[in-house]
Each structure stands twice: as structure tokens, then as C-alpha cells.
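# Coordinate inspection notes
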Amino acid sequence: MQLTIADNISALQQGLMDAAKAGKRVALVPTMGALHPGHMSLVAAAKTLADFVVVSIFVNPTQFGPNEDFDKYPRSLESDLKKLEEAGASLAYTPSVADMYPPGFITKVSVGEMGEILCGKFRPGHFDGVATVVSKLLLRVLPHVALFGEKDYQQLCVVKQVAYDLDIPIQIVGVPTLREADGLAMSSRNAYLSAEERKVAPLIYKTLQETKKALVDQKLDVNTAFALATTKLTAAGFKVDYVDLVAADTLYALNAVEPGCRLLVAAWIGKTRLIDNISL
Ligand code: AMP
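The paragraphs below set out a description of the structure included in this document.

About the cut-offs
Residues numbered from 1 in each chain as written. Predicted model: local features only at pLDDT ≥ 70, side-chain atom pairs only at ≥ 80, totals over all residues. Heavy atoms only, no water. Core = buried A, V, L, I, M, F, W, Y, C linked by side-chain atoms within 4.5 Å. Buried < 20%, exposed > 50% of the residue type's maximum accessible area, 1.4 Å probe, protein only. Contact = heavy atoms within 4.5 Å. Pairing = 2+ DSSP bridges. Helix = DSSP H or I, 4+ residues; strand = E, 2+ residues; numbered from the N terminus. Axes fitted to C-alpha atoms, helices over the stretch in contact; angles between N-to-C directions. Phe/Tyr/Trp six-rings, centres within 6.5 Å; stacked < 30°, edge-to-face > 60°. Lys NZ or Arg CZ within 6 Å of the ring centre and 35° of its normal.

### Points about the nonpolar core
- Formed by 43 residues in total, the largest nonpolar core has its most connected members in L12, V54, Y93, L138 and I172.
- Other than its neighbours up to four places away in sequence, L12 contacts A6, V54, L91, Y93, R140 and V141.

### Thoughts on the sheet that holds strand β4 (residues 91-93)
- Taken in spatial order, the 6 strands make up an open sheet running β1-β4-β3-β2-β5-β6, and their pairing is parallel. Here the strands that pair on one side only, and so sit at the sheet edges, are β1 (4-6) and β6 (171-175). Put simply, the sheet's adjacent strands are angled 25 degrees from each other on average, direction ignored.
- Bridge analysis of strand β2 (residues 26-31) against strand β5 (residues 145-149) gives 2 bridges, and the strand direction is parallel.

### Here we look at the packing of aromatic side chains
- In total, this model carries 5 aromatic pairs according to the counting rule given.
- Between the aromatic rings of F64 and F70, the centroid separation amounts to 5.4 Å while the plane-to-plane angle is 65 degrees, which identifies the pairing as edge-to-face.
- We classify F70 as partly exposed; its relative accessible area is 23%.
- Each ring, one from Y101 and one from F105, has its centre 5.0 Å from the other, and the planes form 65 degrees; the classification is edge-to-face.
- Among the residues examined, F105 registers a relative accessible area of 31% and is labelled partly exposed.
- Aromatic ring contacts, followed pair by pair, group F58, Y101 and F105 into a single cluster.
- Here K72 stacks its cationic end above the ring of Y192, 4.3 Å away from the centre of that ring.
- Looking at R179, its charged tip hangs above the ring of Y205, at a distance of 3.6 Å from the centre.

Here is the structure:
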């Protein structure tokens, strides 16, 4: 099937109406474009759960802070559309900022404290921007299922919370993180890394694995394990925003390992902020 491109809400609705008439089961994969194999693994997973896969490409200005990388965020629409066509996606929704936020738009969706901890502490307002745009995308498309990467673990939890709290009748599915051969989590922001930075970037994942071992096998206490991780990353040239252990769904901070908890790191290498996480 050919990829339909909808760059505004009416074209989107037309495409969705055709899919509904044909009795199709719909999946949504929201993205900010600059598509890499990590994104494409979400599309592949979506195809196993639905027969009409909508991929949105929208660099959402409201989730970027005033000093963040909105302007220089990588954009590659032509090649993104080619990748989606090849992968068998059904519809690419590529709205403009004006289509997403028409004049008079004022409502914000906020998950309170869940959006103020971890990355939210360092990116004030970020998760309100995410919660708002994802709510709009979910309601515009009203798919049966929507897929999000575990790579952005806090985002996945925020989206699940919003769907639960606002009775949005859509199944939210998390997809495991796709990594480079050396362990670095794939991310559009990896394109910012210099050759030198790219060499040290896999240390984030390595440190997560070592910290997991320290906590689970060596039974090290959380504070000592975090201090070791921070020291190691700092010595390699990172500026660490946080290393944290949290409950899998609520993201409550933990001071001991419990089943299914999540270990997360955010750290800067040069001018690039990288995040990663693993399950314990
Ligand atoms: P982004 O374009 O960075 O907003 O990402 C769009 C979606 O792709 C989000 O749900 C991300 O969590 C997911 N994603 C990004 N990188 C990866 C990856 N390496 N593995 C799996 N999912 C990813």
C-alpha cells in the first residue's frame, strides 16, 4: 500500500475515515522525525498490532525550553517519508505548528510531579509540552493502539498516566530500546556528537549495566552505587544531570532495588544531552 501524506488535520481525518470504512485496525507512532532504526522498530512493532500504521512527524515547539535545541533539531522530511514508505507505514501525518496549535489555543495537559522529577527537574515545562501534544495526537488519530519507546522512559510513563487519567481509550505500548552495536541508545540527537564524543557516549549504557550489577549482585547501597557511576562518567568528560532508581510505573524514587524497578541516567557530553535507562 502506498504511503499517504497528510500535512493538516482535514487530510488526516480523510485518511482515517478511509481506513475506518475499510475496517482497519489503527496504530499511531508519534515521532519528531529524523527517523533512525529505533523509530523504525516502533513502526515494525505497530505493524504486528494493527493493519493501518499512522506515523506523526512533528517537532513540537512547546516541549523545548527557550535555551534548548528546537531550531537546530535535525529535520529530514524527504528521507523520513521514504523510510516510512519502504517500511509499509500507511499514513504520515506531518502537521505544521499552526495546524497543531491554531489561533486561540490555550489548554495545557500536565501530570504534576511526575513531570517535574528526573528530566523534568532539568527541563521545566518539557513534560507539559509532551503531555499536551501527545493528548492532541491521540485524540486526533484515535488509534486502537499507540507505541512509544522505552528509551524515553519517563515520557512513556507520562503518556500512560495521561491516557489513564483522561480516560483516553487507547492502548499504550512500550517498545524496548534499540541500540548501536556498542550499546549507545539510538537517538536523533546522536547526530550532534563529534567523533570524539561518539567514542565515549557508549559509557552511559556501560555505566547503567555496571551500576545494575553493583546494586543487584554486590548489594551496594544506592547512594554509593550512584556516586561511583557519577564519578566514572564525570572522569570521562560527562556532566551528569542525574542517576536515579525509580519504581517502574509511578517513577517514585527508591532507595533499594525492587522487582521491575528502573535505573535511569541523563548526562551531557559537550553540548549534547543523552538519556538512557534499563530495567533491574
Ligand atoms: P523522538 O522522535 O525522539 O521523539 O522519538 C519518537 C519515538 O521513538 C519515541 O516514542 C521514542 O521513545 C522512540 N525512540 C527513539 N529512539 C528509540 C530507540 N533507540 N529505540 C526505541 N524507541 C526509540
